[in-house]
Each structure stands twice: as structure tokens, then as C-alpha cells.
Amino acid sequence: MKPFAFARPGSVAEAVRQVAAEPGAVFLGGGTNLVDHLKLGVATPELVVDVRRLTSREISDLPDGGLRLGAATTNSEVAADRRVRERYPVLAQALLAGATGQLRNLATTGGNPLQRTRCVYFQDVTTACNKREPGSGCSAVNGYTRYHAVLGVPSAMPDPTAPETCIATHPSDMAVALAALDAVVHVLGPAGERTIPFGELHRLPGDDPSRDTVLGHGELVTAIDLPPLPDGARSAYRKVRDRASYAFALVSVAAVVAGDSTSERTVRIALGGVAHKPWRAARAEELLRGTPLTEHAVGHAMGVELTTAQPQPGIDGGNGFKIPLATRTVVATLRDLTRET
Amino acid sequence: MDAEISLTVDGVARRLTVDTRTTLLDTLRERLGNCSPKKGCDHGQCGACTVLLDGERALSCLALAVAHDGAEITTADGLARGGELHPVQQAFLDRDAFQCGYCTPGQICSAVGVLAEVDRGWPSHASPDLVADPELSHDEVAERMSGNLCRCAAYVNIVPAVQQAGGVQA
Ligand SMILES: Cc1cc2nc3c(=O)[nH]c(=O)nc-3n(C[C@H](O)[C@H](O)[C@H](O)COP(=O)(O)OP(=O)(O)OC[C@H]3O[C@@H](n4cnc5c(N)ncnc54)[C@H](O)[C@@H]3O)c2cc1C
Ligand code: FES
Ligand code: FES
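About the cut-offs
- Residue numbers run consecutively from 1 along every chain, following the written order of its sequence.
- In the order they appear in the text, chains get letters beginning with A and ligands get numbers beginning with 1.
- Restriction of local features to residues with pLDDT of at least 70 applies here, the model being predicted, together with a cutoff of 80 or more for giving and counting side-chain atom pairs; totals for whole chains, interfaces and linings are based on all residues.
- Hydrogens and water are ignored here; the side-chain numbers use all heavy atoms of the structure.
- For two strands to count as paired, DSSP must find a minimum of two bridges between them.
- In this description a helix means any DSSP run of H or I spanning at least four residues, a strand means any run of E spanning at least two, and both kinds are numbered starting from the N terminus.
- For helices, the fitted line uses only the C-alpha atoms of the stretch in contact; every axis is such a line through C-alpha atoms, and the angle between N-to-C directions lies from 0 to 180 degrees.
- We call two residues in contact when some of their heavy atoms are within 4.5 Å.
- Near is defined per residue: the residue qualifies when any heavy atom it owns lies within 4 Å of the molecule or strand.
- Here a polar contact means two N or O atoms within 3.5 Å. Within protein one must be a hydrogen donor candidate and the other an acceptor candidate, and residues neighboring in sequence count only if both atoms are side-chain atoms.
- Accessible surface area values rest on a Shrake-Rupley calculation with a 1.4 Å probe, where residue burial reflects the displayed protein chains alone.
- When residues are grouped by polarity, Ala, Val, Leu, Ile, Met, Phe, Trp, Tyr, Cys and Pro land in nonpolar, Asp, Glu, Lys and Arg in charged, and all others, Gly among them, in polar.
- Residue ranges for the domains trace back to a domain assignment, done automatically or taken from a database.
- Buried area: the sum, over both parts, of the accessible surface (1.4 Å probe) that disappears when the two are put together.
- Here, a salt bridge means any Lys or Arg side-chain nitrogen found within 4 Å of an Asp or Glu carboxyl oxygen.
- Orientation labels follow simple angle bins: below 35 degrees gives roughly parallel, above 145 gives roughly antiparallel, 65 to 115 gives roughly perpendicular, and whatever is left gives oblique.
- Crossings are sorted by hand: turned counterclockwise from the far helix by less than a right angle, the near helix makes the crossing left-handed, and turned clockwise it makes it right-handed.
- Two rings from Phe, Tyr or Trp (for Trp, the six-membered ring) form a pair when their centres sit within 6.5 Å of each other. Planes less than 30 degrees apart are called stacked, planes more than 60 degrees apart edge-to-face, and all others tilted.
- Charges are assigned to positions over rings by a cutoff of 6 Å between ring centre and Lys NZ or Arg CZ, combined with an angular limit of 35 degrees from the ring normal.
- Each patch is built from salt-bridge-free residues with over 30% relative accessible area, joining like charges within 9 Å and nonpolar side chains (Val, Leu, Ile, Met, Phe, Trp, Tyr) within 5 Å.
- Throughout, nonpolar core names a set of buried Ala, Val, Leu, Ile, Met, Phe, Trp, Tyr and Cys residues whose side chains join them through atoms within 4.5 Å.
- To sort residues, take the accessible area from a 1.4 Å probe on protein chains only and compare it with the maximum for the residue type: under 20% means buried, over 50% means exposed, and anything in between is partly exposed.

(A) Examining the sheet that holds strand E1 (residues 5-7) of chain A more closely. All names here are of chain A. Here we have three strands laid out as an open sheet, ordered E1-E3-E2, and parallel in their pairing. Bordering the open sheet on either side are E1 and strand E2 (25-28), each of which pairs with just one other strand. Shown here is a sheet whose adjacent strand axes are inclined to one another by a mean of 25°, direction ignored. When E1 meets strand E3 (residues 47-50), the two strands line up parallel, connected through three bridges. Among the inter-strand pairings, Ala5 is bridged to a residue of E3, identified as Leu47. Lying on the sheet, helix H1 (residues 12-21) is in contact with E1, E2 and E3; it crosses E2 at an angle near 145°.

The following block contains the structure:
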């Protein structure tokens, strides 16, 4: 591991100043992703600035009925919070479906959505990867693609040598739930505070796969707000994976269903495991507004949503299975949420 | 680069200088001579390095020692009190919950954490009702202990050992 300096400044403002001033500086939360990357050589910072004891460790009620999660709250604490379990089951379920107890006790609200892809090539410094080493190419194309993207990729066979190619997925379960909840991210940066709608935090690879999010260097996540859901709204998270526990998602679905009558019904659907960012199925949501959520209607809406999907071939058989799997997982999640109890 | 830190390990206050790159696991094993937490994978995947960090189970291989300056750590080595084994340790013996024993200190620390989490009413992915108080069913224990791999596959005896320590007849 490359040597680095370590700092634990006295305030969040000082932490932002220190990171902003050093191009090779990074923030440290629970460390469950960053420390792994230090060992793998994926992250090679000059300076590590510990913010775990600086940002808030509180979960507080907001005047509008929502909740504010301080960036230092652990994934365990958020999942166990009564208010989260009662009002935002989708978030508690997503957190509990991710990692393990020993990891969730360390992992933070600030760090979880900013964890990096689990693409095996990204994590292996001996292979080409545009995300880790811009311009080096993408080893995942036609490689092991089981955990890779089908949405937001340019073609069925992207050019593995092009500098913009990246078919990685975002691995966080929590982020998929936060996307469906229309959460709001509070950020403190060198230029002051700003808020970012959660759906705009992560980006598609575009022309720069090295950037996972819209955050600039030195921008610190200080809290994430959960807006109140409409009265009577129901929400759930469903994760499909290779093992019953302790595995990343192949496909996951976070859904919120609101509205008393069918005509007033609104549906929010976010997909995990299928794209470079949590994928809000906006077209499907629009088609399902005010309609009975029959298997046929949901299947049709997802068919429209997935028309741009690009199954990736791979030496492991590829990931075309994700397209029907995404539809079936949405159907099952909405069926559970609308089943009369 | 070096940093001076203090840790309380199994009740004993320690002060030492560590390289900023040192994990808690390496600090415990190589600097403080406490070899009960094991290095299985060193990447957060196996649970062999599990300790109780400020009371909560955590992976010591993904924790930088400098980031936990001042922490209170309990390892499997420090669980026994006055010559009496911790109930989880006793249950692992009673239930024959290990073979080679390599994963066992991590399993035991994890199980101590699991029982405290269940006592506090924390739900898990296996909880049938997210808001009800959880019970120590087979599925609950298996899910909660899923971060502790056992290469000898002693799982069939680990689950009843955790249930026994939690006061469940199994
Ligand atoms: C074996 C294993 C299995 C896992 N399985 C799952 C799974 O199934 N599902 C899942 O979702 N996750 C899983 N994880 C990932 C885990 O959830 C993340 O590592 C964790 O949530 C990251 O949070 P952290 O606080 O430890 O972040 P850190 O490792 O501290 O940081 C992660 C990144 O965020 C940055 N950062 C941290 N805090 C802030 C902040 N406040 N502001 C700005 N930047 C910040 C850091 O610089 C770093 O780049 C797994 C991890 C492991 C090791
Ligand atoms: S050594 Fe820490 S999880 Fe394997
Ligand atoms: S007893 Fe041998 S690894 Fe678990």
C-alpha cells in the first residue's frame, strides 16, 4: 500500500478545506470500501481525511414529516431505526439486503451511496479499465459481464478500446431505495453548501467513466433527507442474487406505490444491478400512473422501459437474463405491494 | 507515515505508534500480540477478523487503526470473565460448533454482536415482519451470521450454538 498522511480535522469545514487543497486527498467514512481499495491499489491517495466523527450521527425528524440521516449514521443504525422501518420500509429492507452485520456496523450513510463498482476489472489493477485508469480501455466488454449493465450502455457490443466505454454497475442497495424515495443529498463543498436530488447524484459513464457522481473534488456529503411519502404509501425492496445472503444484486427493485384509488395511483420504480447508476424507470412509472397494476400492465410498461436495454455478451454467458429478470422482479414487487392484506 | 494512537484491548489500555496504513487487524495481531482475530481474506469477505469495536461487531481488516484512535476493542480472547467462558464460547463447545477452529474467534465475536442486536430488536433480511421484535429462529441466525464463512462448514452446529447462547431450545 502506498504511504499516505492521515488527518482528522476539528470541523467539517476544515475537512472540506483540507481535501479541496490537496488533489490527492480523499474523505474516509466507515472505510469498508476505501480501505479495500487502498489494499488493492485502486485508490492511491496522498491524504486521507477522516470525517466519520465529524459529520452528524443523528437521525432527526424534519418539520415536513421527513427524516434527515446524518452522514455518519451507520447502515445498521438507519436500518434499525423505528421511523425508517415504519415509514420507509424500502430503505430498511435495502440496507438489510446489503453486505453483512459486521460491515453495516461500519458503513455510513455518506459512504454507502459513494461506494465504487464491484466490476472485477475495476478492482484488478493489472487490467485495462477506463474508470480506474481513464483511456486504458474496458476489459469487461465480452469478459465477465454477469454483474454488468444492460441499461445506459451505448450498444450491444461497445468498443472495448474507446476511452468512454464502461459497462460497470453501481453496487449499492441503499442507493436504489434512496432513488425511489426521491431523497435529497446535502453537500458542503469549497464553494459552500448545495443540495442535490438523489436521482441526479450518480451519472452514466458519458464521456468520463472515471466519475461515478456529479460531486466535485472536496465536496462532502453531510446528510441525506428522506421526504415524507404520501399518506398510505407502501414501499418495498426486492433483491435477486446468486446466494440467499451476502451477495451483490444481479437485479434489484425499489418501489413505492401511493394513492387510495386506482385512478389516483402513482408508482415509483428504481432498478439496481442494471446500470452505472440507480435506474429510475420513469417511462414505466408514467405508463402505470392511474392504472390497475396487473401483471400484464406492469409487464408491458417494463417492456417499454427496457426497449433501450443492450444485453452484453460475455465469457460467462453474458447478462441478457437481466432483461426478463428485471421485469419479473418489478412484477413481483408491485404484486406484493398491492396485495390486499 | 506514523501516528500515535491509544486503544483499549480486552480491558487493557495500550498506547502505540502505527503506520497510517495499518489495519486494526494487523495492529492487534502483529503489534499487540493478540492473535485471536484471524486474517482469512483481508478484504472484508470472510468475517474471520471480526471483533467487537466500541461494543459492535465489526471487521478489523477494513478498519484503519488511526481512524479508531481511542476505541475499545474486545476480541474473542477477552470474552471470558474470571476463568468462566462467555456463554457463546461455552455454547460453541457444547454444540461442537467448529472443526479446525480458524473461523471460530470471528464467529464467536459475531455471535456476541448478533445476540445484542436481537436484544435491541434490530431486524434482519430474514425477519418476516420488519417492525416486530425478531426471534432467534434458524433462518434469523443463518442470515445474521452470513458474514462469517466457515471453510470446514460447521454451520449446522454453529446455528444451534448461537441459539443456545441466546437462550433458545434448539
Ligand atoms: C464483502 C462485501 C460485501 C458487500 N456487499 C454489499 C451489498 O450486498 N450491497 C451493498 O450495497 N453494499 C455492499 N458492500 C459495500 C458496502 O455497503 C460499502 O463498502 C459501504 O456502504 C461503504 O460505506 P463506508 O462508510 O464504509 O464508505 P468508505 O469506504 O469510507 O467510503 C466510500 C467512498 O465514499 C467516499 N466518502 C465517504 N464518506 C463520504 C462523505 N461523507 N462525503 C463524501 N465522500 C465520502 C470515500 O472517499 C470513498 O470514495 C459490501 C462490501 C463488502 C466488503
Ligand atoms: S479477514 Fe477480515 S473479513 Fe476476511
Ligand atoms: S472451523 Fe474450520 S473454518 Fe470454521
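(B) Quick peek at the site of ligand 1. All names here are of chain A. As a structural note, the neighbourhood of ligand 1 is formed by 33 residues, with Phe27, Thr32, Leu34, Thr108 and Asp173 the closest of them. For ligand 1, an oxygen atom lies 2.7 Å from a polar atom in the side chain of Thr32. Contact between ligand 1 and Leu34: an oxygen atom at 2.7 Å from a main-chain N or O atom of the residue. Burial of ligand 1 by the protein amounts to 94% of the accessible area it has alone, namely 970 Å². When the residues that make up the shell around ligand 1 are grouped by side-chain class, the tally is 13 nonpolar, 16 polar and four charged.

(C) Broad picture of the domain arrangement of chain B. Residues and elements named next belong to chain B. Taken domain by domain, chain B comprises domain 1 (2-78) and domain 2 (87-165). Placing the centre of domain 1 and that of domain 2 at their C-alpha centroids yields a distance of 22 Å. Every contact between the two is made by 16 residues of domain 1 and, on the other side, 16 residues of domain 2. Of the roughly 1300 Å² buried at the junction of domain 1 and domain 2 (both faces included), carbon and sulfur atoms supply 52%. Run the count over domain 1 and domain 2 and you get two salt bridges. The partner of Arg120 in a salt bridge is Glu56, with the nearest N and O atoms 3.3 Å apart.

(D) Here's a closer look at the domain arrangement of chain A. Segmentation of chain A into domains returns domain 1 (5-50) and domain 2 (234-339). Relative placement of domain 1 of chain A and domain 2 of chain A: their C-alpha centres are 36 Å apart.

(E) Quick look at the packing of helix H2 (residues 87-94) of chain B against helix H5 (residues 155-165) of chain B. Residue and element names in this part refer to chain B. Interhelical geometry of H2 versus H5 gives an angle of 140° and a closest axis separation of 8 Å. The angle between the axes of H2 and H5 places the two elements in the oblique class. Taken as a pair, H2 and H5 cross one another with a handedness that is right-handed. When H2 is examined against H5, the residues Pro87, Val88, Ala91, Phe92 and Asp94 are found in contact with a partner set consisting of Ile158, Ala161, Val162, Gln164 and Ala165.

(F) Expanded view of the packing of aromatic side chains. Tallying each qualifying case throughout the model produces zero aromatic pairs over all chains. Just above the ring of Trp122 of chain B sits the side chain of Arg120 of chain B; from NZ or CZ to the centre is 4.5 Å.

(G) View of the interface of chain B and chain A. Across the contact, 39 residues belong to chain B and 41 residues belong to chain A. Both sides together, the interface formed by chain B and chain A hides about 3200 Å², and carbon and sulfur atoms give 58% of it. On the chain B side of the contact with chain A, Arg21, Leu62 and Leu130 of chain B bury the most area, a combined 21% of that side's loss. Counting every contact that joins chain B to chain A gives two salt bridges. Joining chain B to chain A, the criterion identifies 24 residue pairs in polar contact (both at pLDDT 80 or more). Mapped by element, the contributors of at least two residues to the side of chain B that touches chain A are strand E3 (50-53), strand E4 (56-59) and helix H3 (104-119) of chain B. When residues of the side of chain B that touches chain A are assigned to their parent elements, the largest contribution, four residues, is made by E4 of chain B. For the side of chain B that touches chain A, the residue count by class is 16 nonpolar, 15 polar and eight charged.

(H) Geometry of the sheet that holds strand E4 (residues 59-61) of chain A. Residues and elements named next belong to chain A. Taken in spatial order, the five strands of this open sheet run E4-E5-E8-E6-E7, and their pairing is antiparallel. A single partner strand is all that each edge strand has here, and the edge strands are E4 and strand E7 (192-197). Strand-to-strand twist of the sheet, defined as the mean angle between neighbouring strand axes without regard to direction, takes the value 25°. Here strand E5 (residues 67-70) runs beside strand E8 (residues 220-226); their pairing, made up of four bridges, is antiparallel. Across the sheet, Leu67 pairs through a bridge with Leu226, a residue of E8.

(I) Just a nonpolar patch on the surface, in detail. Nonpolar side chains collect at one region of the surface, where Val120, Tyr144 and Ile315 of chain A lie side by side and expose about 320 Å² of accessible area between them. Positionally, Ile315 of chain A belongs in the loop between helix H9 (295-305) and helix H10 (322-338).

(J) Main features of the nonpolar core. Tyr88, Leu91, Leu178, Leu181, Val185, Phe198 and Leu226 of chain A are the most contacted members of the largest nonpolar core, which has 38 residues in total. For this core, the secondary structure elements donating two or more residues are E5, helix H3 (75-80), helix H5 (89-96), helix H7 (173-180), strand E6 (184-189), E8 and strand E10 (249-258) of chain A. The element best represented in this core is H7 of chain A, accounting for seven residues. When neighbours within four sequence positions are excluded, Val185 of chain A is seen to be in contact with Arg194, Thr195, Ile196, Phe198, Leu201, Val221, Ala223 and Ile224 of chain A. Core analysis: the second largest hydrophobic core is formed by 35 residues, Phe6 of chain A together with Ile5, Cys61 and Ala65 of chain B among them.

(K) Looking closely at the pairing of E5 of chain A. All names here are of chain A. Two strands pair when backbone bridges link them, and E4 and E5 are joined in this way by three bridges, in the antiparallel orientation. Paired with Ser60 across the bridge in E5 is Arg68. Where E4 hands over to E5, the hairpin turn is made up of five residues, of which Gly65 adopts a positive phi near 100°.

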